[in-house]
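For reference, the chains in residue letters:
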Amino acid sequence: MNPGFFEREATIVAPQLIGTELYVGGAGGIIVETEAYEPDDPASHSFRGQSLRTRSMFGPAGHAYVYRSYGIHWCLNFVCRPGSAVLIRAVQPLAGLAEMERRRGRNDPLLLCSGPGRLCQALGITIDHDGMSLFEQPFSLKAPAEPALVMTGPRIGISQAIDHPWRFGLQGSVYVSKRFPA
DNA sequence: ATTATGATTCCCT
DNA sequence: GGGAATCATAATC
């Protein structure tokens, strides 16, 4: 995987990220759930233009955009084209289990990295990672050997543009944060 | 199924 | 400067 991978629209990149391995400081696993956000998308932070918070969402592709959600959690996005990003919603844990359980304070494997807030807590993602390159430490990405089987559906937790099927998940995975309708 | 939690942004006055 | 809204989660009903 190379930086050019992210120089496209999030709606294209998001499904292709399913099956990619993501590690932060050695902890992580397989990305099993993503959502796409576009500049002309009312549910996107970039919809009303650049701001202090969304600065990195307009920065170089292949970098991280981290924001605080509901005042409590962090959420990790991969920046694609300017104002376009992929929200990482769930990971199937593979490495660094003990460290992730320690950071989470829990050890239920099905809830360890399932959900954007849990994922960031388990991987130790904070605002410090905002704007960092995904191709440098502590990040590590590894493309899947074969394209994954991807499910699609409407995005979660938004009130605008709810009809766009811009949520993507690994078919059959029990680690997605919410089941995809059959 | 419902609610407490509680930081930051953004949009208005 | 105020107040609603927010890309969730965990605890409680």
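Position numbers for residues count from 1 along each chain, tracking the sequence in the order it is written. Ligands are numbered from 1 and chains lettered from A, in the order in which they are written. For a predicted model such as this one, the threshold for reporting local features is a pLDDT of at least 70, and the threshold for listing and counting side-chain atom pairs is 80 or more; totals across whole chains, interfaces and linings nevertheless cover every residue. By convention in this description, side-chain values take in all heavy atoms of the structure and omit both hydrogens and water.

J.: Sorry, what's going on with the layout of surface pockets here?
T.: In this approach, a probe sized like a water molecule rolls over the atoms, and the result shows the empty space that is left. Buriedness of a pocket was judged along seven lines, with at least five required to meet protein on both sides within 12 Å; pockets are open sets of points on a 1 Å grid over the protein atoms alone, cavities are sets where a 1.4 Å probe fits but cannot get out, and lining residues have an atom within 4 Å of a point. Grid points are joined across faces, edges and corners, and a volume is the space filled by probe spheres set on the points. Here the largest pocket defines a volume of roughly 720 Å³. Surrounding the largest pocket, 34 residues form its lining, Tyr-67, Ser-69, Tyr-70, Cys-75 and Pro-116 being those nearest its centre. For the lining of the largest pocket, the elements supplying multiple residues, two or more each, are β2 (27-37), β3 (64-69), β4 (73-79), β5 (85-95) and α3 (116-123). Helix and strand labels come from DSSP, where a helix needs a run of H or I of at least four residues and a strand needs a run of E of at least two; each type is numbered from the N terminus. The element best represented in the lining of the largest pocket is α3, accounting for five residues.

J.: Explain the environment of Ala-36 to me, please; I cannot follow it from the model alone.
T.: Along the chain, the position of Ala-36 falls in strand β2. Categorising residues by exposure relies on relative accessible area from a 1.4 Å probe, with only protein chains included: less than 20% of the type maximum marks a residue as buried, more than 50% marks it as exposed, and the intermediate range marks it as partly exposed. Among the residues examined, Ala-36 registers a relative accessible area of 0% and is labelled buried. Counting along the chain gives 27 residues from Ala-36 to Glu-9, while the straight-line C-alpha distance between them is 8.5 Å. If sequence neighbours within four positions are ignored, Ala-36 has contacts with Ala-10, Thr-11, Ala-14, Asp-41, Ala-85, Arg-155, Trp-166 and Phe-168. Should any heavy atoms of two residues lie within 4.5 Å, those residues are counted as being in contact.

J.: Which parts of the structure should I look at to understand the protein's contact with DNA strand C?
T.: Throughout, the term near means that a residue has one or more heavy atoms lying within 4 Å of the molecule or strand in question. Among the 21 residues in the neighbourhood of DNA strand C, the closest are listed as Ala-43, His-45, Tyr-67, Arg-106 and Arg-118. Each atom of DNA strand C within 4 Å of the protein was assigned to sugar, phosphate or base; sugar and phosphate come to 70%. Polar contacts, as used here, are pairs of N or O atoms within 3.5 Å; protein pairs need one atom able to donate a hydrogen and one able to accept it. Residues neighboring in sequence count only if both atoms are side-chain atoms. Within the backbone of His-45, a nitrogen or oxygen atom sits 2.5 Å from a base nitrogen of DNA strand C. Residue Ser-159 places a side-chain N or O atom 2.9 Å away from a phosphate oxygen belonging to DNA strand C. Broken down by secondary-structure element, the contributors of at least two residues to the surface near DNA strand C are β3, β5 and α3.

J.: Just to check I follow, could you spell out the packing of aromatic side chains for this structure?
T.: The description of two aromatic rings rests on the distance between their centres and on the angle between their planes. Stacked, tilted and edge-to-face are the three classes assigned to paired rings of Phe, Tyr and Trp, where Trp is represented by its six-membered ring and a pair needs centres within 6.5 Å; plane angles under 30 degrees give stacked, over 60 edge-to-face, the rest tilted. Summed over all chains, the structure comprises four aromatic pairs. Ring centres of Phe-6 and Phe-135 lie 6.0 Å apart, and the angle between their planes is 70 degrees; this geometry places the pair in the edge-to-face category. Of this pair, Phe-6 sits in the segment before α1 (10-17) while Phe-135 sits in the loop between α3 and β6 (139-142); the two residues are 129 residues apart in sequence, bridging distant segments of the chain. Phe-6 gets classed as buried once you look at its relative accessible area, which sits at 0%. Seen from their ring centres, Tyr-65 and Tyr-67 are 5.6 Å apart, and the 35 degrees between their planes marks the pair as tilted. Across this residue pair, the class does not change: Tyr-65 and Tyr-67 are buried. An aromatic cluster is defined as three or more aromatic residues linked by ring pairs; in this entry it consists of Phe-5, Phe-6, Phe-78 and Phe-135.

J.: Sorry if this is basic, but what is going on with the packing of helix α2 (residues 97-104) against α3 here?
T.: When two helices pack together, their arrangement is captured by the angle between the axes and the distance separating the axes. Only the contacting stretch of a helix is used when fitting its axis, a line to C-alpha atoms as for every element, and angles between N-to-C directions run 0 to 180 degrees. Where α2 meets α3, the closest approach of the two axes is 7 Å, and the angle between their N-to-C directions is 115 degrees. In the packing of α2 onto α3, the handedness of the crossing is right-handed. Mapping the contact onto sequence places Met-100, Arg-103 and Arg-104 in α2 and Arg-118, Gln-121, Ala-122 and Leu-123 in α3. We call a crossing left-handed when the near helix sits turned anticlockwise from the far one by less than a right angle, and right-handed when that turn is clockwise.

J.: Looking at this structure, how should I read the pairing of β2?
T.: It is a general feature of regular strands that their side chains alternate between the two faces of the sheet. Extensive coverage of β2 is indicated by the burial of eleven of its eleven residues. Bridge analysis of strand β1 (residues 21-24) against β2 gives four bridges, and the strand direction is antiparallel. Paired with Val-24 across the strands is Ala-27, a residue of β2. Here β1 folds back onto β2, and the loop between the two strands holds two residues, one of which, Gly-25, carries a positive phi near 60 degrees. The criterion for strand pairing is that DSSP finds at least two bridges linking the strands in question. The pairing of β2 with β5 spans nine bridges and is classified as antiparallel. Within β5, the residue paired with Thr-34 across the bridge is Ile-88. Sheet topology note: the β2/strand β8 (residues 167-170) ladder contains three bridges and is antiparallel. Paired with Thr-34 across the two strands is Phe-168, which belongs to β8.

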